[in-house]
Amino acid sequence: MVLTLTTDFGTSDWYVGALKGTLVRLAPSVALVDLSHDIAPGDVAAASLVLAGAAPTFPLGTVHLAVVDPGVGTARRMLAVAASGHLFVAPDNGLLTPFLEHASVYSVERPDLYLDAPGQTFHGRDRFAPIAAALLGGVPIEHLGPRIDDATRLVAPPPPVRDDRRGVVTGNVVHVDRYGNAVTDIPASWVRAEPIRATVGGAQVARLATHYAELEPGVPALIVGSLGTVEIALRGQSAAAALAIRRGDAITIELGALAR
Amino acid sequence: MVLTLTTDFGTSDWYVGALKGTLVRLAPSVALVDLSHDIAPGDVAAASLVLAGAAPTFPLGTVHLAVVDPGVGTARRMLAVAASGHLFVAPDNGLLTPFLEHASVYSVERPDLYLDAPGQTFHGRDRFAPIAAALLGGVPIEHLGPRIDDATRLVAPPPPVRDDRRGVVTGNVVHVDRYGNAVTDIPASWVRAEPIRATVGGAQVARLATHYAELEPGVPALIVGSLGTVEIALRGQSAAAALAIRRGDAITIELGALAR
Amino acid sequence: MVLTLTTDFGTSDWYVGALKGTLVRLAPSVALVDLSHDIAPGDVAAASLVLAGAAPTFPLGTVHLAVVDPGVGTARRMLAVAASGHLFVAPDNGLLTPFLEHASVYSVERPDLYLDAPGQTFHGRDRFAPIAAALLGGVPIEHLGPRIDDATRLVAPPPPVRDDRRGVVTGNVVHVDRYGNAVTDIPASWVRAEPIRATVGGAQVARLATHYAELEPGVPALIVGSLGTVEIALRGQSAAAALAIRRGDAITIELGALAR
């Protein structure tokens, strides 16, 4: 049984170890797979995107446990979600937004599973790990609590828009990755050929490339990223740093004649 | 067989990989679980605390290998410890202090197990990994060397003190975590209700909370942390940074009437 | 089946997770072992050294997948290499240089294995993972593509030289590790006893030690590192930072009478 872990715990404290130890103790045959423990503290949107990019690559039946939980100890619910053959466990704070469509969503209410523990600050160890272990042990998800239809969703930016008449596409920067690529939510299929003129974060981008090595040094380009959306890249350096692009920035792309 | 790993090796060099490879080679059925490789270089106390917070969550029989070893190559001993149903392997430098009480402690003297290797700088790979692999392979711990009763212990700060007559509790900051929470060694059961007035690192804390989301922005509070001790927290920011609190700082808490 | 992972993906994005998920999906019985995901972006030489230091410690039959791939999407080849009983999969950019001697090297040409995916920026997930999974699944390496003898090799610095007549050894700093030790390519057997006088990065080193704890504070020394080569160390601090030593720096060591 594969279980993936996504947290904002960092890797210098005992939090990751205590989460793993509890899982191994309660579900001895689990195969733990770290996705990331370096989500910025409390950055629910970043965790959501990591899970959106990674979870679908796992085999059916995988359990994905994600704990970025600034509301730990409050009345926020805990979710168990079945979607596309995968199972997800996370706080009800929007983290699972990418998977809620066409999903079976349950509010976990099983105090009999929770561990006795001091304090209300580490539900990862004390509640989420036992919930995930129950799923790994074969407890049917519908036994974990009532089905709900009002799970919390992240407030999304306005979705990307394609105005074919005017030849203009607009969207948003949703992530800046380790290399400084600025990942957008604009489908790559909307931006097929030069000429293009993208405006984002005060910078102008006029090139469209298919891979990084093709870029001219110092000349930013749009490129098709690994999620199938457009990203802004610079060869061998951070496009986001060089062009002052940040997550949440709007991007406008003029296509065809407009871009000339 | 589960083996946990705690080191100060970082994750950019070949050290973690060589440690893991040696373990997998010598104990092919081992299930490796990373606790942390991001202990600050040589910070034995931090490794000790990570292990104290994480090891007890693992199933009985788990082997915990911890290598933070600034004395590598000296005559410092290597320990194998059986405590509370767990096994520990580490240098004799205080790292295993939390587990030495009521433990069976052995000084490992098995040069036949050690690997031939250049230099005296990487006993993690050349000695500790084979020792841990021997335990995983079923070698009884008492076959590893003589039992000892003088293992090195970390010089502890004065233990926390509760003066019920005066209504004053004193203790120490033992850790600052990723979120900037300042974890103390004061049992949470000693500090049950407001009014309180804590003095630590020059700052005053007058609130007692049960979870982070309850905190008012900018107002620090005491909270019951995941080890069952009091910690100082600030909502959405680092209490340690904002209040200039550091590991080793003393903390005094006045309770009841005194705190008004 | 053990598979090791070495990448420059970092641990904050979905890249590591998507690589692992694809591997687990295509090779369900794989045991994944992270070597490093913190190689500096595009630093092929660093990845090569991590693999050189770690891979030989693994059992025969291990598959080592390394993806540091600034040329992703170009016509650069993808390699599968059998060497010393291990299997390696990586882009043909020099990353596997340490293993090419006496190896069987194949240029992978199996588009039937590659995954359909948007874009040309994530061959780790879309091509390298399926190639590694094929090897894990028992596909003979020679079925992956034609054998070649012109794999790309890193441009090496001039090899270390020992001039016994003059008593002078010269070499190069090949790595600075987490502790700030400056690792060279000079075999430790060439530098057996004081007096010595090493010149590197403008600094002079006159001591030869066998372990770190033996060093006098503030006095740098040569020491035999874990690869069997000489490194420059300072007790409790970074020798590289204190002495302004960088990867690529030349080092000259005068031995015996010369060094007095």
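Report follows, based on the coordinates. (Residues numbered from 1 in each chain as written. Chains lettered and ligands numbered in written order. Predicted model: local features only at pLDDT ≥ 70, side-chain atom pairs only at ≥ 80, totals over all residues. Heavy atoms only, no water.)

Secondary structure assignment for chain A yields four helices and 15 strands. In terms of its C-alpha atoms, chain A occupies a principal-axis envelope of roughly 65 × 40 × 30 Å. Counting every position in chain A, which comprises 260 residues, the buried fraction comes to 57%. For chain A, contacts bridging at least 24 residues in sequence account for 66% of all contacts bridging at least 6. A total accessible area of about 10100 Å² is found for chain A, and carbon and sulfur atoms account for 54% of it. Considering chain A, the positive charge centre built from 20 side chains and the negative charge centre built from 25 side chains are found 4 Å apart. (Helix = DSSP H or I, 4+ residues; strand = E, 2+ residues; numbered from the N terminus. Buried < 20%, exposed > 50% of the residue type's maximum accessible area, 1.4 Å probe, protein only. Contact = heavy atoms within 4.5 Å. Areas by Shrake-Rupley, 256 points an atom, 1.4 Å probe, with all protein chains shown as cover. Lys, Arg positive; Asp, Glu negative; His and termini not counted. Charge placed at Lys NZ, Arg CZ, Asp CG, Glu CD.)

All names here are of chain B. You can see His 86 is positioned in strand β5 (residues 86–91). A polar side-chain atom of His 86 sits 2.9 Å from a polar atom in the side chain of His 64. Setting aside residues no more than four positions away along its own chain, His 86 makes contact with Ala 55, Pro 56, Phe 58, Pro 59, Leu 60, Thr 62, His 64 and Val 81. (Polar contact = N/O pair within 3.5 Å; in protein donor to acceptor, adjacent residues only side chain to side chain.)

All names here are of chain A. As summarised here, the arrangement of the six strands in space is β2-β1-β3-β5-β4-β6, forming an open sheet in which the pairing is mixed. Each of the sheet's edge strands pairs with one partner strand only, and the pair in question is β2 (31–36) and β6 (104–107). Adjacent strand axes in the sheet meet at a mean angle of 20°, parallel and antiparallel pairs treated alike. Against the sheet, helix α1 (residues 15–26) engages β1 (2–7), β2 and β3 (63–67), with an angle of about 160° to β1. (Pairing = 2+ DSSP bridges. Axes fitted to C-alpha atoms, helices over the stretch in contact; angles between N-to-C directions.)

Let us now look at the interface of chain C and chain A. Facing 32 residues of chain C, the contacting portion of chain A comprises 30 residues. Between chain C and chain A, a total of about 2500 Å² is buried, with carbon and sulfur atoms accounting for 58% of that surface. Among the residues of chain C in contact with chain A, Asp 13, Trp 14 and Thr 121 of chain C are the three that bury the most area, contributing 27% of the side total. Scanning the region where chain C abuts chain A turns up zero salt bridges. (Buried area = accessible area lost by both parts, 1.4 Å probe. Salt bridge = Lys/Arg side-chain N within 4 Å of Asp/Glu carboxyl O.)

Opposite the 32 residues of chain A that make contact, chain B presents 30 residues. Approximately 2500 Å² of surface area, both sides summed, lies buried where chain A meets chain B, with 58% of it carried by carbon and sulfur atoms. On the chain A side of the contact with chain B, Asp 13, Trp 14 and Thr 121 of chain A bury the most area, a combined 27% of that side's loss. Counting the contacts that link chain A with chain B gives zero salt bridges.

Before going further, it helps to spend a moment on the sheet that holds strand β1 (residues 2–7) of chain B. Sheet strands pair via backbone hydrogen bonds, and the direction of the pair is either parallel or antiparallel. All names here are of chain B. Spatially, six strands are ordered β2-β1-β3-β5-β4-β6 in an open sheet, and the strand pairing comes out mixed. What marks the edges here is a single partner per strand, and that holds for β2 (31–36) and β6 (104–107). Recorded for the sheet is a direction-independent mean angle of 20° between the axes of neighbouring strands.

Once that is clear, we can look at helix α2 (residues 44–54) of chain B. Structural remark: α-helix, 3.6 residues per turn; residues separated by three or four positions point the same way. Counting buried positions over the 11 residues of α2 of chain B gives nine, a clear majority of the element. The complete set of buried residues in α2 of chain B reads Val 44, Ala 46, Ala 47, Ser 48, Leu 49, Val 50, Leu 51, Gly 53 and Ala 54 of chain B.

All right, on to the relation of the copies chain A and chain B then. The two copies are related by a screw motion: chain A maps onto chain B through a turn of 120° and a shift of 0.0 Å along the axis, at an RMSD of 0.0 Å. Such a combination of rotation and displacement between the chain copies is what one expects of a three-fold axis. Of every C-alpha in chain A, the one belonging to Ala 31 of chain A sits nearest the axis of rotation, 5.0 Å from it. Looking at chain A, a mere 6% of its interface residues are interface residues in chain B too, so the copies touch through different faces. (Least-squares fit on C-alpha atoms with pLDDT ≥ 70 in both.)

All names here are of chain C. Looking at chain direction, strand β1 (residues 2–7) and strand β2 (residues 31–36) are connected through five bridges and run parallel. If you follow Thr 4 over to β2, its bridge partner there is Val 33. Of the crossover connections in this fold, the one passing from β1 over helix α1 (residues 15–26) to the parallel β2 is right-handed. (Right-handed = clockwise from strand over helix to strand, strands pointing away.)

Residues and elements named next belong to chain A. Packing of α1 against helix α3 (residues 123–136) leaves a shortest axis separation of 9 Å and a crossing angle of 35°. When you trace α1 past α3, the crossing you get is right-handed. In this structure, α1 uses Ala 18, Leu 19, Thr 22, Leu 23 and Leu 26 to contact α3, whose residues at the interface are Gly 124, Arg 125, Ala 129, Pro 130, Ala 132 and Ala 133. (Left-handed = near helix turned anticlockwise from the far one by under 90°.)

A word on the relation of the copies chain C and chain A. Each of the two chain copies goes to the other by way of a rotation about an axis and a shift along it. The operation relating chain C to chain A is a screw motion whose rotation component is 120°, with 0.0 Å of axial translation and a residual RMSD of 0.0 Å. Here only 6% of the contact residues of chain C are again contact residues in chain A; the copies associate through non-equivalent surfaces.

Below, the discussion takes up the pairing of strand β9 (residues 182–187) of chain C. All names here are of chain C. Counting buried residues in β9 gives five out of six residues, a clear majority hidden from the surface. Bridge count between strand β8 (residues 168–176) and β9: three bridges; the pairing is antiparallel. When the bridges of β9 are listed, Val 176 appears paired with Ala 182. Linking β8 back to β9 in an antiparallel pair, the connection comprises five residues, with Gly 180 at a positive phi of about 90°.

Residue and element names in this part refer to chain A. A rise of 1.5 Å per residue sets the reference length of α1, with its 12 residues, at 16 Å; its end C-alpha atoms lie 17 Å apart and thus fit the reference within 8%. Of all 12 residues that make up α1, 10 are buried, and the element is covered over most of its length. Taken together, the buried positions of α1 are Tyr 15, Val 16, Gly 17, Ala 18, Leu 19, Lys 20, Gly 21, Thr 22, Leu 23 and Val 24. (Expected span 1.5 Å × (residues − 1).)

Moving on, we get to the pattern of salt bridges. In a structure, side chains of opposite charge can pair up when their charged atoms sit close to one another. Residue and element names in this part refer to chain C. All chains considered together, the criterion is met by 39 salt bridges over all chains. Of the charged contacts in the structure, one is a salt bridge between Asp 164 and Arg 162, with a shortest N-O distance of 3.5 Å. The exposure class of Asp 164 is exposed, given its relative accessible area of 57%. Two residues, Glu 254 and Arg 197, come together in a salt bridge whose shortest N-O distance is 2.9 Å. Here the residue Glu 254 occupies a position in strand β15 (residues 250–255), and Arg 197 occupies one in strand β10 (residues 196–200), the gap between them amounting to 57 residues. According to the relative accessible area criterion, Glu 254 is buried, its value standing at 17%.

This part covers unusual backbone geometry. Residues Glu 194 of chain A and Pro 195 of chain A are joined by a peptide bond in cis, for which omega reads 0°. Structurally, Pro 195 of chain A can be placed in the loop between β9 (182–187) and β10 (196–200). In this structure, Ala 244 of chain A takes a positive phi of about 55° despite not being glycine. Its location among the elements puts Ala 244 of chain A in the loop between α4 (239–243) and β15 (250–255). Owing to a relative accessible area of 52%, Ala 244 of chain A belongs among the exposed residues under this scheme. The phi dihedral of Ser 84 of chain B falls on the positive side, at around 55°, and the residue is not glycine. With respect to the secondary-structure elements, Ser 84 of chain B resides in the loop between β4 (78–83) and β5.

For the rest of this paragraph, the subject is the packing of aromatic side chains. Residues and elements named next belong to chain A. Under the definition given, this model contains 18 aromatic pairs over all chains. When the ring of Phe 88 is compared with that of Phe 99, the centres are 4.1 Å apart and the planes differ by 25°; the resulting orientation is stacked. Of the two residues, Phe 88 sits in strand β5 (residues 86–91) while Phe 99 sits in the loop between β5 and β6, which places them 11 residues apart along the sequence. Take Phe 99: its relative accessible area is 11%, and that puts it in the buried class. (Phe/Tyr/Trp six-rings, centres within 6.5 Å; stacked < 30°, edge-to-face > 60°.)

The next thing to look at is the environment of Thr 229 of chain B. Residue and element names in this part refer to chain B. By the element assignment, Thr 229 lies in strand β14 (residues 229–233). The sequence separation of Thr 229 and Arg 147 amounts to 82 residues, and the corresponding C-alpha distance is 33 Å. Excluding its chain neighbours within four sequence positions, the residues that come into contact with Thr 229 are Val 183, Thr 184, Asp 185, Ile 186, Pro 187, Ala 188, Ile 223 and Val 224.

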